[in-house]
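A structural walkthrough
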Number of protein chains: 2
Amino acid sequence: MSGPIGFQCQNHSVCMSTMLAQAQDHCTALGLRLTPVRRRTLEILLAEHRALGAYDVLKHLAAEGLGTQPPVAYRALDFLVKAGFAHKIEALNAYTACVHPGQDHAPAFLICRNCQSVAEADTAPAKGRLGDAARAAGFVIERTVVEATGLCPDCVGEAA
Amino acid sequence: MSGPIGFQCQNHSVCMSTMLAQAQDHCTALGLRLTPVRRRTLEILLAEHRALGAYDVLKHLAAEGLGTQPPVAYRALDFLVKAGFAHKIEALNAYTACVHPGQDHAPAFLICRNCQSVAEADTAPAKGRLGDAARAAGFVIERTVVEATGLCPDCVGEAA
DNA sequence: TTCGTATTGATATGTTATAACATCCGGTCT
DNA sequence: AGACCGGATGTTATAACATATCAATACGAA
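Residues numbered from 1 in each chain as written. Chains lettered and ligands numbered in written order. Predicted model: local features only at pLDDT ≥ 70, side-chain atom pairs only at ≥ 80, totals over all residues. Heavy atoms only, no water.

1. What about the sheet that holds strand β4 (residues 118-121) of chain B?
Here is the rule we go by: A pair of strands is considered paired only if DSSP assigns at least 2 bridges between the two. Secondary structure counts use DSSP, requiring at least four H or I residues in a row for a helix and at least two E residues in a row for a strand, with both numbered from the N terminus. Think of each axis as a best-fit line through the C-alpha atoms, taken over the contacting stretch in the case of a helix, with angles from 0 to 180 degrees between the N-to-C directions. Contacts between residues were defined by any pair of non-hydrogen atoms, one from each residue, lying within 4.5 Å.
What the 6 strands build is an open sheet, ordered β4(A)-β3(A)-β5(A)-β5(B)-β3(B)-β4(B); its pairing is mixed. For this open sheet the edge positions go to β4 (118-121) of chain A together with β4 of chain B, each flanked by a neighbour on one side alone. Taken pair by pair, the neighbouring strands of this sheet meet at an average axis angle of 20°, ignoring direction. In this sheet, β4(B) lies alongside strand β3 (residues 108-112) of chain B in antiparallel orientation, the contact comprising 4 bridges. Considered in β4(B), the bridge of Ile111(B) is made with Val118(B). This element, helix α5 (residues 129-137) of chain A, spans β5 (140-151) of chain A together with β3, β4 and β5 (140-151) of chain B of the sheet and lies at about 40° to β3(B). Of the strands in this sheet, β3 (108-112), β4 and β5 of chain A together with β5 of chain B are in contact with helix α5 (residues 129-137) of chain B, which crosses β3(A) at around 40°.

This is the structure:
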């Protein structure tokens, strides 16, 4: 669906339906329920290659009569994150669809500060020097957040 | 204030006064002003080896008559972050004193989910695989956030 | 002193996130 | 069918985090 690390995907509607199907299969396999709100929330995230705030998602949902109150969006987003279909971008307090759901992975993000696009790389930070430092200290890592902010290829070009 | 790697400092009052002196020198050298609110805010952060929310800081400041409104705390924290004396922990929406101010560095944090202590490591993530991936994609990294959540040595022990 | 800028004071508001509790819906056990 | 149970939703309220704006003041440079 995309280049080396996820900026640009050539065929977005294919990418979306593939992801949705994968999510559906995964839920079926694990006995999870991809309810209308959850499914639509995932579609909303997939429709953009960027991070959306919970209230942005809520606006979309509200426009379609799927719920008007914050918990609606947060519950759906929490479900998607727990199920591995989406990630929270801490630096933005926003959410983005996962580009390879199902797999247990430690994602790293490249976030464009100009166009808000988000690319998901898959480096394993806990394996590098940070992991060494943690082990040396006796610290047990459970979760890592790796987020790089900067300019994506398109926006670097524009700036020139 | 305990255990290895940046968790500990054996002598906290020395550590605090050292840091404060460094901050003062750095400000003097650069023509920045370490005003009472800013200085006190730094002291408050240094007094704990953990991250404090802006409103936690504000409570301390308010108790000492240094300001009661949110902007007071946010301005002081922004100043400290910009000057390199503190960092924002994105995963917690909270702030912590920098353990080696002045130096330009790309910090990485180990955050205990049990006791909220924070250790600052100094790995350079943009130099590793993430940096390679970014370069390959044409993405220009300007800032990185690396935060690992888990259990610190003390709390790993307690859990057992 | 005068000017310009950084800082502070103060009010209001915007944004993100969760607590708490009622209700509904789908499955299962008897 | 009826009783029950658990997950999902609906709804209200509020907690927690953050900034815009504008007036007043302090500070250093010219």
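Read on, since the account is not over.
2. Notes on the pairing of β4(A)
Put simply, the rule is: Categorising residues by exposure relies on relative accessible area from a 1.4 Å probe, with only protein chains included: less than 20% of the type maximum marks a residue as buried, more than 50% marks it as exposed, and the intermediate range marks it as partly exposed.
Going residue by residue along β4(A), you find Val118(A) and Glu120(A) tucked away on one face and Ala119(A) and Ala121(A) tucked away on the opposite face as well. In this antiparallel pair of consecutive strands, β3(A) and β4(A), the connection spans 5 residues, and Gln116(A) shows a positive phi of 65°.

3. Focus on the confidence of the model for chain A
Basically, it comes down to this: pLDDT is a residue-level measure of predictor confidence that goes from 0 to 100.
Taken over all residues, the pLDDT of chain A has a mean of 88, while the share at 70 or more is 88%. Within the model, pLDDT remains below 50 along residues 1-5 of chain A, and this stretch shows 17 contacts once partners closer than five positions in the same chain are excluded.

4. Remarks on the relation of the copies chain B and chain A
Heads up, the condition is: The copies were overlaid by least squares, fitting only the C-alpha atoms of residues that reach a pLDDT of 70 or more in each copy.
Mapping chain B onto chain A leaves a residual RMSD of 0.1 Å; the transformation is a rotation of 180° accompanied by 0.1 Å of translation along its axis. Such a combination of turn and shift is consistent with a two-fold rotation axis. Taking C-alpha positions as reference, the residue of chain B nearest the rotation axis is Val146(B), located at 2.3 Å. Looking at the interface residues of chain B, 97% of them are also at the interface in chain A, so both copies use one shared face.

5. Focus on the nonpolar core
What counts here: We define the nonpolar core as a collection of buried residues of types Ala, Val, Leu, Ile, Met, Phe, Trp, Tyr and Cys that are connected through side-chain atoms lying within 4.5 Å of one another.
Counting 26 residues, the largest nonpolar core has Leu110(A), Cys112(A), Leu130(A), Leu110(B), Leu130(B) and Phe139(B) as its most contacted members. Contributing elements (two or more residues each) for this core: β3, β4, α5 and β5 of chain A together with β3, β4, α5 and β5 of chain B. One finds Met16(B), Val72(B), Leu80(B) and Phe85(B) within the second-largest nonpolar core, a separate group that totals 23 residues.

6. A word on the protein's contact with DNA strand C
Test applied: Working definition: residue near molecule or strand if any one of its non-hydrogen atoms lies within 4 Å of it. Two N or O atoms count as a polar contact when they lie within 3.5 Å, although within protein this holds only if one can serve as hydrogen donor and the other as acceptor, and sequence-adjacent residues are included solely when both atoms are side-chain atoms. Residues are grouped as follows: Ala, Val, Leu, Ile, Met, Phe, Trp, Tyr, Cys and Pro are nonpolar; Asp, Glu, Lys and Arg are charged; every other residue, Gly included, is polar.
With respect to spatial proximity, 14 residues lie near DNA strand C, and among them Tyr55(A), Lys88(A), Thr35(B), Arg38(B) and Arg75(B) are the closest. Those atoms of DNA strand C that come within 4 Å of the protein belong to sugar or phosphate at a rate of 41%. Separating a phosphate oxygen of DNA strand C from a side-chain N or O atom of Lys88(A) is a distance of 2.7 Å. Side-chain polar atom of Thr35(B) to a phosphate oxygen of DNA strand C: 2.7 Å apart, as the coordinates give it. Within the surface near DNA strand C, the residues separate by chemical class into 6 nonpolar, 3 polar and 5 charged.

7. A few points about the protein's contact with DNA strand D
Near DNA strand D there are 15 residues, and of these Thr35(A), Arg75(A), Tyr55(B), Tyr74(B) and Lys88(B) occur at the shortest range. Put simply, 43% of the atoms of DNA strand D that lie within 4 Å of the protein are in sugar or phosphate. One of the side-chain nitrogen or oxygen atoms of Arg38(A) is found 3.1 Å away from a phosphate oxygen of DNA strand D. Contact distances for DNA strand D include 3.2 Å between a phosphate oxygen and a side-chain N or O atom of Tyr74(B). Among the secondary structure elements, those contributing two or more residues to the surface near DNA strand D are α4 (70-83) of chain A together with α4 (70-83) of chain B. Considering each element in turn, the surface near DNA strand D owes the most residues, 4 residues, to α4(B).

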